[in-house]
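Observations on the three-dimensional arrangement
Now for the letters of each chain:
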Amino acid sequence: MARRVVDVLVPVAVDQAYSYRIPDGTDLKPGDVVSVPLGSREVTAVVWAENHNPDPRLHNRLKDVSERLDVPPLKEELRSFVDWVASYTLSARGMVLRMTLRMGEHLGPERVRMGVRLVGSPPQRMTSARHRLMSCLSDGLLHGKSDVAREAGVSASVIDGLVDEGTLVTEPMPREAAMQKSDPDFAVADFSPDQKTAAAALQALAAGDEFQVALLDGVTGSGKTEVYFEAVAEIIRRGKQTLILMPEIALTGQFLDRFAQRFGVRPLEWHSELSPRTRARNWAAVAAGEAQVVVGARSALFLPYADLGLIVVDEEHDQAYKQSDGAHYHARDMAVVRAHIAKIPVVLASATPSVESEVNARKGRYRRVALPARFGGQHMPQIDTIDLRREGPQRGRFISPPLAEAIGHAVERKEQALLFLNRRGYAPLTLCRACGHRFACTICDAWLVDHRFRQRLVCHHCGFSMPRPHQCPQCGAEESLAAIGPGVERLQEEAASLFPDARTMVLSSDLITSIETMRTELNEIAEGRVDIIIGTQLVAKGHNFPRLNLVGVVDADLGLGNGDPRAAERTFQLLNQVIGRAGREQGRGVGYLQTHQPEHPVMKALVACDREAFYDSEIEARERTMYPPFGRLASLIISAGDRPTAEGFARKLVAMAPRDERIQVLGPAEAPLAVIKGRYRFRILVKSARNVDLSHYLRDWIAVGPKPKGNLKLEIDVDPQSFL
Ligand code: ADP
Ligand code: ZN
């Protein structure tokens, strides 16, 4: 009798599942996690379906499933989600599956790990590696072998050498302690009446145990976190799991502590910087249902929760939720999809909801839960514009006199000031004063950014860098190079010269080497060991700096007018958020916007604290122009090693677009970033009415269109967030 056959989805860039035979004596069901041969390797994969009618001619050529792995099967709900995301984003299903299988290298039963301990006297021959290793082990305790090797920066052979000499012994490590339980009643907050109402609404939502979306809409400092913790508590009581999504996991140190203060233990973390072993352990804890609460970056959405009961999307408007390589998905939108499939509630939290969510709340599709005031009656920051046309700084300076005066007062009062500028490095452009030569990347359509701390000129698109030369490469003039425009490093220089006694700190992603250093620096600020903070958007997100009362936005116009349909929304959200860092504790926050256009609707809404006016005008504009959420968009990005190939393909593709009067195909046009890493880029924008299944249209189109060959690449981005 022929053996049964199953279709197995493998985590590589293919869409279809492959057929494998089930070995005798094994039983396999859809969802089982298996190991299968694929080409010359073995991969971890998932049984997707029973195949009742395998082609008899192929049957003998099929390979066998190697084994079923000892992990819980992927639930139907997660498999449907993988299919849905792949179909919507036009990604290969295998690529989406891969995100659910990121469980580190060591699957299956946990291996016994070996540790080492310092026992004997120092070796005869001492090297610096040996010395480092021994000082890491000087506490006499048992350390994981690979951990201590990494910590001391030595190879495993250095450890083995010292074991041979009797200086160290190896012993098996004890098993990891079981996960501690969160206590839903550990320390319940004392809520204000507004908060109490909101918390009760979210708790009811959690208890409702069905698909429903709440928009937790509260000004910065209103206590959104404390309030949604009540929904989390309810899910813990019900023995189910909660996923809390964060846009930027590196920034959640304070959050983990707050969670522990409320629930007695830290939640489980999920992000790309976990070590393989931690990742494997966390993955298993999620799949086994031992992890009650997971705090994670967008990829946490694809984990195999045993019993997911609630998803919270914190800072739901944040564009970091959009993944822009591999599968182009938006984690906030996909969180709503996953909740819908799993029939569970979802909470979207923000002080400045995305226009999409705001419209859904206005139309009653989402339930709005509002926190209109700061906790403890603190006032919202007072916001003013500084008109750079009249009150601007002198040439080559970027802090205007009124802003400098305000910083001076803050420093005198021993309060903190934050200077916000969303530009890394020292200066965005370097040019030669003698001949006008501008330093550009050789393989991107971009200027090189001067980074003084690193002493290099850097391309922000491809990472290319070179030392800052002393001579102009074009005309040979010496010491003729001028830095044009500000970056955070240059601002620090200016702040330090204006306030020589103040302690300044730059916070910028390129200066942060790890999540740990980031967390340490944020703590230093929170503890008041810095007077003037100079930061990029890294500082805008979710921190609480109790001594910070003044925020100066150095270039409020920076994000406007770059052809992005969401420019106004983004600028409003970002500035609102960054100024919202001020006065959280004492309620005396002040924000200054240095701008060339104080009459711009975004500036006016910020100054007047009139959020509704901003949303009204923005929603009206989107409706008029049929931009999201009133219409749909997709981008097709075509790139190749030379311009004619990219352009030729793009034109052919457009010519093959199926006719549909509800759909507009715009382009191809050269992308605003026309060359990245030596690849020439063209864009096609597809625009449709809201009720059109755009993914379906795109799939039909791609099927009849030209096929990308050679080094030509076609990327499809449904609901694009970036138009560069
Ligand atoms: P949001 O996320 O809305 O900006 P947070 O949840 O971070 O606000 O709260 C702002 C600050 O107020 C935090 O320090 C928080 O601990 C505090 N806070 C909010 N609500 C309460 C409460 N009911 N009791 C005590 N402290 C609170
Ligand atoms: Zn470059």
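One numbering rule holds for all chains: residues counted from 1, following each sequence as written. The naming scheme follows written order: chains are lettered A onward, ligands numbered 1 onward. In keeping with the predicted nature of the model, local features appear solely for residues at pLDDT of at least 70, side-chain atom pairs appear and are counted solely at 80 or more, and the whole-chain, interface and lining totals rest on all residues. No hydrogens and no water enter the side-chain calculation; it runs on all heavy atoms of the structure.

**Details of the overall build of the protein**
A tally of regular secondary structure across the protein gives 21 helices and 30 strands. Reported as C-alpha extents along the three principal axes, the dimensions of the protein are approximately 90 × 80 × 70 Å. Think of it in three bands: with a 1.4 Å probe and only protein chains considered, a residue is buried below 20% of the maximum accessible area for its type, exposed above 50%, and partly exposed in between. Per-residue burial for the protein yields a buried fraction of 54% across its 724 residues. Residues count as neighbours in contact if any of their non-hydrogen atoms are within 4.5 Å of one another. Within the protein, contacts between residues separated by at least 24 positions form 74% of all contacts whose residues are at least 6 apart in sequence. Areas reported here follow the Shrake-Rupley algorithm with a probe of radius 1.4 Å; residue values treat only the protein chains shown as occluding. By element, 50% of the accessible surface of the protein is carried by carbon and sulfur atoms, the whole surface being about 32200 Å². Taken together, the 91 basic and 90 acidic charged side chains of the protein have centroids lying 4 Å from each other. Strands here are runs of E lasting at least two residues and helices are runs of H or I lasting at least four, both read from the DSSP assignment and numbered beginning at the N terminus. Lys and Arg are tallied as positive, Asp and Glu as negative. Neither His nor the chain termini are counted. Where a charge lies is defined by one atom per residue type: Lys uses NZ, Arg uses CZ, Asp uses CG and Glu uses CD.

**Focus on the packing of aromatic side chains**
Each aromatic pair joins two rings of Phe, Tyr and Trp (for Trp, the six-membered one) with centres within 6.5 Å, and gets the label stacked for planes under 30 degrees apart, edge-to-face for over 60, and tilted for any other angle. Counted according to the given criterion, the structure contains twelve aromatic pairs. Aromatic pair Trp84 and Tyr88: ring centres 5.0 Å apart, planes at 15°, arrangement stacked. You can see Trp84 and its partner Tyr88 sitting in helix α2 (residues 76-89), four residues apart, about one turn around the helix. The partly exposed category is assigned to Trp84, whose relative accessible area is 36%. A centroid spacing of 6.2 Å and a plane angle of 80° characterise the contact between Phe572 and Tyr615, whose relative ring orientation is edge-to-face. Of the two residues, Phe572 is situated in helix α17 (residues 567-579) and Tyr615 in helix α19 (residues 611-625); the sequence distance between them amounts to 43 residues. Assigned by exposure class, Phe572 and Tyr615 land together as buried. Among the aromatic side chains, those forming a connected cluster through ring pairs are Tyr228, Phe229, Phe255, Phe259 and Phe263. For a lysine, the NZ atom is tested; for an arginine, the CZ atom; a charge sits over a ring if that atom is within 6 Å of the ring centre and within 35 degrees of the ring normal. Residue placement shows Arg452 over the ring face of Tyr426; its charged tip is 3.8 Å from the ring centre.

**Let's talk about the coordination of the zinc ion (ligand 2)**
Around the zinc ion (ligand 2), the protein supplies Cys441 (SG), Cys444 (SG), Cys459 (SG) and Cys462 (SG) as donor atoms, at distances of 2.3 to 2.4 Å. Taken together, the four donor atoms coordinating the zinc ion (ligand 2) and their angles of 106 to 114° define a geometry best described as tetrahedral. Every donor residue of the zinc ion (ligand 2) comes from the same chain, spaced as C-x2-C-x14-C-x2-C. Owing to a relative accessible area of 2%, Cys459 belongs among the buried residues under this scheme. Metal donors: N, O and S atoms at distances within 2.8 Å, or within 3.2 Å for Na, K and Ca, with water omitted from the atom set so that some sites may seem incomplete. Every angle between 85 and 135 degrees makes a four-donor site tetrahedral, while opposite donors more than 155 degrees apart, with all other angles between 65 and 115, make a four-donor site square planar and a six-donor site octahedral; other sites are irregular.

**Section: the pairing of strand β24 (residues 532-535)**
Both faces of β24 are covered, namely the face carrying Ile532 and Ile534 and the face carrying Ile533 and Gly535. A strand pair is defined by DSSP finding two or more bridges across the two strands. Sheet topology places strand β17 (residues 416-420) next to β24; four bridges connect them, and they run parallel. Each bridged residue has a counterpart across the sheet, and for Phe420 the counterpart in β24 is Gly535. The pairing of strand β23 (residues 504-507) with β24 spans four bridges and is parallel. Note on β24: the bridge partner recorded for Val506 is Ile534. With respect to chirality, the unit in which β23 leads through helix α16 (residues 515-526) into the neighbouring parallel β24 is right-handed. Assignment of crossover handedness uses the view with strands pointing away from the viewer, where a clockwise path from the first strand over the helix to the second indicates a right-handed crossover.

**Things to note about the site of ligand 1**
In the neighbourhood of ligand 1, 15 residues make up the surrounding shell, with Asp190, Gly221, Lys224, Arg258 and Asn544 lying closest. N or O atoms closer than or at 3.5 Å make up a polar contact, with two conditions inside protein: a donor-capable atom paired with an acceptor-capable one, and, for residues adjacent in sequence, both atoms drawn from side chains. Separating an oxygen atom of ligand 1 from a backbone N or O atom of Ser222 is a distance of 3.3 Å. Here Arg258 contributes a side-chain N or O atom positioned 2.8 Å from an oxygen atom of ligand 1. Expressed as a share of its isolated accessible area of 550 Å², the protein-covered part of ligand 1 is 77%. Of all the elements, helix α8 (residues 224-237) adds the most residues to the shell around ligand 1, at three residues. Nearness here has a simple test: a residue counts as near a molecule or strand if at least one of its heavy atoms is within 4 Å of that partner.

**Focus on the side chain of Ser695**
Tracing the backbone shows Ser695 in helix α21 (residues 694-704). The buried category is assigned to Ser695, whose relative accessible area is 5%.

**What about the sheet that holds strand β4 (residues 41-51)?**
As summarised here, the arrangement of the five strands in space is β2-β1-β4-β3-β5, forming an open sheet in which the pairing is antiparallel. Two strands close off the open sheet at either side, each with one partner strand: β2 (18-21) and β5 (67-68). In this sheet, β5 lies alongside strand β3 (residues 33-38) in antiparallel orientation, the contact comprising two bridges. Along β5, the bridge assignment pairs Val34 with Arg68.

**Description of the sheet that holds β17**
With respect to topology, six strands assemble into an open sheet ordered β16-β26-β25-β17-β24-β23, the strand pairing being parallel. Two strands lie at the open edges of the sheet, namely β16 (382-387) and β23, each paired on one side alone. The sheet shows a mean angle of 20° between the axes of neighbouring strands, taken without regard to direction. Relative to strand β25 (residues 548-553), β17 runs parallel, the two sharing five bridges. Note on geometry: axes are lines fitted to C-alpha atoms, helical ones only across the stretch in contact, with angles between N-to-C directions running from 0 to 180 degrees.

**Digging into the nonpolar core**
Within soluble globular proteins, side chains that are nonpolar generally end up buried alongside one another. We call a set of buried Ala, Val, Leu, Ile, Met, Phe, Trp, Tyr and Cys residues a nonpolar core when their side-chain atoms join them within 4.5 Å. By size, the foremost hydrophobic cluster in this structure holds 78 residues, and its most contacted members are Val294, Leu301, Ile311 and Ile638. Counting residues per element, this core draws most heavily on helix α11 (residues 331-342), at seven residues. If we skip the residues at most four places from it in the chain, Val294 touches Thr242, Leu243, Ile244, Leu268, Trp270, Val286, Ala300, Leu303 and Tyr305.

**Thoughts on helix α3 (residues 93-100)**
Burial analysis of α3 places six of its eight residues in the buried class, which makes it a mostly covered element. Contacts made by the buried residues of α3 are with β1 (5-9), β4, α2 and α10 (276-288).

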